Amino acid sequence: GAVVSQHPSRVICKSGTSVKIECRSLDFQATTMFWYRQFPKQSLMLMATSNEGSKATYEQGVEKDKFLINHASLTLSTLTVTSAHPEDSSFYICSARDYSGADQPQHFGDGTRLSIL
Amino acid sequence: AQSVAQPEDQVNVAEGNPLTVKCTYSVSGNPYLFWYVQYPNRGLQFLLKYITGDNLVKGSYGFEAEFNKSQTSFHLKKPSALVSDSALYFCAVRDGTLGRLYFGRGTQLTVWP
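Chains are numbered independently. Their residues run from 1 in the order of the written sequence. For this description, chains carry letters from A and ligands carry numbers from 1, given in the order in which they are written. Where totals are concerned, whole chains, interfaces and linings use all residues; where local detail is concerned, this predicted model gives features only for residues with pLDDT of at least 70, and gives and counts side-chain atom pairs only at 80 or more. Side-chain figures throughout are based on the complete set of non-hydrogen atoms in the structure, without hydrogens or water.

Undergrad: Would you mind showing me how to read the pattern of salt bridges here?
TA: Oppositely charged side chains may form a pair once their charged atoms are brought near each other. Residue and element names in this part refer to chain B. Here a salt bridge means any side-chain nitrogen of Lys or Arg lying within 4 Å of a carboxyl oxygen belonging to Asp or Glu. Counted under the stated rule, the structure contains 8 salt bridges over all chains. Glu-64 is the salt-bridge partner of Lys-58, the closest N and O atoms lying 2.9 Å from each other. Judged by relative accessible area, Lys-58 falls into the exposed class, the value being 63%. Buried means the residue's accessible area, taken with a 1.4 Å probe over protein chains only, is under 20% of the maximum for its type, while exposed means over 50%, and partly exposed covers the values in between.

Take a look at the structure:
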């Protein structure tokens, strides 16, 4: 089945560091990928929609200069948390949809646990 | 606007008993409905979907869901629960135009032996 690989799975770093998270679709092409943030025991909050070859679409309240998204190829999107601070600590999850077939579901990466000290 | 509601934060059932996790939806247009499961510190795994066709949808791991248009519901069910089914379950509806998912708040299922 369709697989989405997310890397790294866990990051612990100092305040002020920029962190890059990669999301890859392994066996399908994804023109669109989605980035979510999840707080403990809560639902997923969509941060942005990543579009291959164009600018990402950010949800209201999400700072685009803080959360940089690049979708340079049909299989890779990256999220960079710039100058991360403790309040950015969270679980970040990406997803991608296989558009090759009708009505394909979104497939999710395993998430990245970001801890800013 | 699309939305889903999961009225129960927690569902507890005994192993071997049937389980139901509730979901209701509100959409403009035809609903594209999904169930996902999340284990601790993992991403979401796709269980099943309803797009069109039979109201009873069968999915992974013995789960099924019943689409009920009149009640705008899409409850997740399993005839006999396993301890390993304990996890966080999300119902979602997809925006037909943009493809983004709108998630419910999640229901924590605990199956006790």
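Undergrad: I would appreciate a short explanation of unusual backbone geometry in the present structure.
TA: Residues other than glycine predominantly adopt negative phi, and peptide bonds predominantly adopt the trans conformation. Following His-7 of chain A, the chain continues to Pro-8 of chain A via a peptide bond in cis, the omega torsion being 0 degrees. When you line up the elements, Pro-8 of chain A lands in the loop between strand 1 (4-7) and strand 2 (10-13). Positive phi values are uncommon outside glycine, yet Asn-41 of chain B reaches one of about 60 degrees. Strands are runs of DSSP state E lasting at least two residues, helices are runs of H or I lasting at least four, and both sets are numbered from the N terminus onward. Structurally, the position occupied by Asn-41 of chain B is in the loop between strand 5 (33-38) and strand 6 (44-50). Residue classification places Asn-41 of chain B among the exposed positions, given a relative accessible area of 54%.

Undergrad: Explain the nonpolar core to me, please; I cannot follow it from the model alone.
TA: A general tendency of soluble globular proteins is for nonpolar side chains to be buried together. Residues and elements named next belong to chain B. Buried residues of nine kinds, namely Ala, Val, Leu, Ile, Met, Phe, Trp, Tyr and Cys, make up a nonpolar core once their side-chain atoms join them within 4.5 Å. Trp-35, Leu-47, Leu-48, Phe-74, Leu-76 and Tyr-89 are the most contacted members of the largest nonpolar core, which has 26 residues in total. Of all the secondary-structure elements, those providing two or more residues to this core are strand 2 (10-14), strand 3 (19-21), strand 5, strand 6, strand 8 (64-68), strand 9 (73-78), strand 10 (87-94) and strand 12 (107-112). Broken down by element, the residue count for this core peaks at 4 residues, all from strand 10. Contact definition: two residues touch when any of their heavy atoms are within 4.5 Å. Those residues in contact with Tyr-89 that lie beyond four places of it in its chain are Gln-6, Trp-35, Tyr-36, Val-37, Leu-47, Phe-63, Leu-76, Gly-106, Thr-107 and Leu-109.

Undergrad: Help me out: how do you make sense of the sheet that holds strand 8 (residues 76-81) of chain A in this one?
TA: Pairing between the strands of a sheet comes from backbone hydrogen bonds, and it takes one of two forms, parallel or antiparallel. Residue and element names in this part refer to chain A. Whether two strands pair comes down to DSSP finding at least two bridges between them. Strand order across the open sheet formed by 4 strands is 1-3-8-7, with antiparallel pairing between neighbours. Either end of the sheet is taken by a strand with one partner, and the two such strands are strand 1 and strand 7 (67-73). Between one strand axis and the next, the sheet turns through 15 degrees on average, direction left out of account. Pairing geometry for strand 1 and strand 3 (residues 19-25), over 4 bridges, is antiparallel. Within strand 3, the residue paired with His-7 across the bridge is Glu-22. Each axis is a line fitted through C-alpha atoms, and for a helix only the stretch in contact is used; angles between axes span 0 to 180 degrees, taken between their N-to-C directions.

Undergrad: Help me understand the environment of Ala-87 of chain B, please; the structure alone is not making it clear to me.
TA: Residue and element names in this part refer to chain B. With respect to the element layout, Ala-87 can be found in strand 10. According to the relative accessible area criterion, Ala-87 is buried, its value standing at 3%. In this structure, the C-alpha to C-alpha distance between Ala-87 and Phe-67, residues 20 residues apart in sequence, is 22 Å. Not counting the four nearest positions on each side in its chain, Ala-87 is found in contact with Val-37, Gln-38, Tyr-39, Thr-107, Gln-108 and Leu-109.

Undergrad: I'm lost on the packing of aromatic side chains in this one. Help?
TA: Note on aromatic pairs: each is described by the distance of the centres and the angle between the planes. By convention, a stacked pair of Phe, Tyr or Trp rings (six-membered ring in the case of Trp) has centres within 6.5 Å and planes under 30 degrees apart, an edge-to-face pair has planes over 60 apart, and any other such pair is tilted. Under the criterion given, the structure shown has 14 aromatic pairs over all chains. Ring geometry for Tyr-50 of chain B versus Phe-74 of chain B: centroids 6.4 Å apart, planes at 55 degrees, classification tilted. With Tyr-50 of chain B in strand 6 and Phe-74 of chain B in strand 9, the pair connects residues that are 24 residues apart, well separated along the chain. Exposure class is identical for Tyr-50 of chain B and Phe-74 of chain B. Each is buried. Members of the aromatic cluster, connected to one another through ring pairs, are Tyr-36 and Phe-108 of chain A together with Phe-34, Tyr-36, Phe-46, Phe-90 and Phe-103 of chain B.

Undergrad: Can you help me understand the pairing of strand 9 (residues 90-97) of chain A in this one?
TA: On any regular strand, side chains alternate: one points to one face of the sheet, the next to the other face. Residue and element names in this part refer to chain A. Strand 9 sits mainly inside the fold: 8 of its 8 residues count as buried. Burial of strand 9 is two-sided: the residues Ser-90, Tyr-92, Cys-94 and Ala-96 facing one way and the residues Phe-91, Ile-93, Ser-95 and Arg-97 facing the other way are all buried. Bridging between strand 4 (residues 32-38) and strand 9 involves 6 bridges; their strand directions are antiparallel. Bridge assignment links Tyr-36 to a residue of strand 9, and that residue is Ile-93. The sheet contact formed by strand 9 and strand 10 (residues 106-108) spans 3 bridges and is antiparallel. Each residue of the ladder has a partner; that of Ser-95, found in strand 10, is Phe-108.

Undergrad: Explanation requested: the interface of chain A and chain B in the structure shown.
TA: For interface size, the figure often reported is the accessible area lost on association. Across the boundary between the two partners, chain A contributes 20 residues, which contact 21 residues of chain B. At the boundary of chain A with chain B, total buried surface from both sides reaches about 1,600 Å², with 50% on carbon and sulfur atoms. Counting across the chain A and chain B interface gives 2 salt bridges. Salt-bridge contacts for Asp-110 of chain A lead to Arg-42 of chain B; the nearest nitrogen and oxygen are separated by 3.1 Å. Any pair of N or O atoms that falls within 3.5 Å is considered a polar contact. Within protein, one atom must be able to donate a hydrogen and the other to accept it, and sequence-neighbouring residues count only if both atoms are side-chain atoms. Linking chain A with chain B are 8 residue pairs in polar contact (both at pLDDT 80 or more). Among the secondary structure elements, those contributing two or more residues to the side of chain A that touches chain B are strand 4, strand 5 (44-51), strand 9 and strand 10 of chain A. Any residue that is not Ala, Val, Leu, Ile, Met, Phe, Trp, Tyr, Cys, Pro, Asp, Glu, Lys or Arg is counted as polar, Gly included; the first ten are nonpolar and the last four charged. Across the side of chain A that touches chain B, the residue classes tally to 8 nonpolar, 7 polar and 5 charged. Values labelled buried area give the accessible surface lost by two parts on being combined, using a 1.4 Å probe and summing over both.

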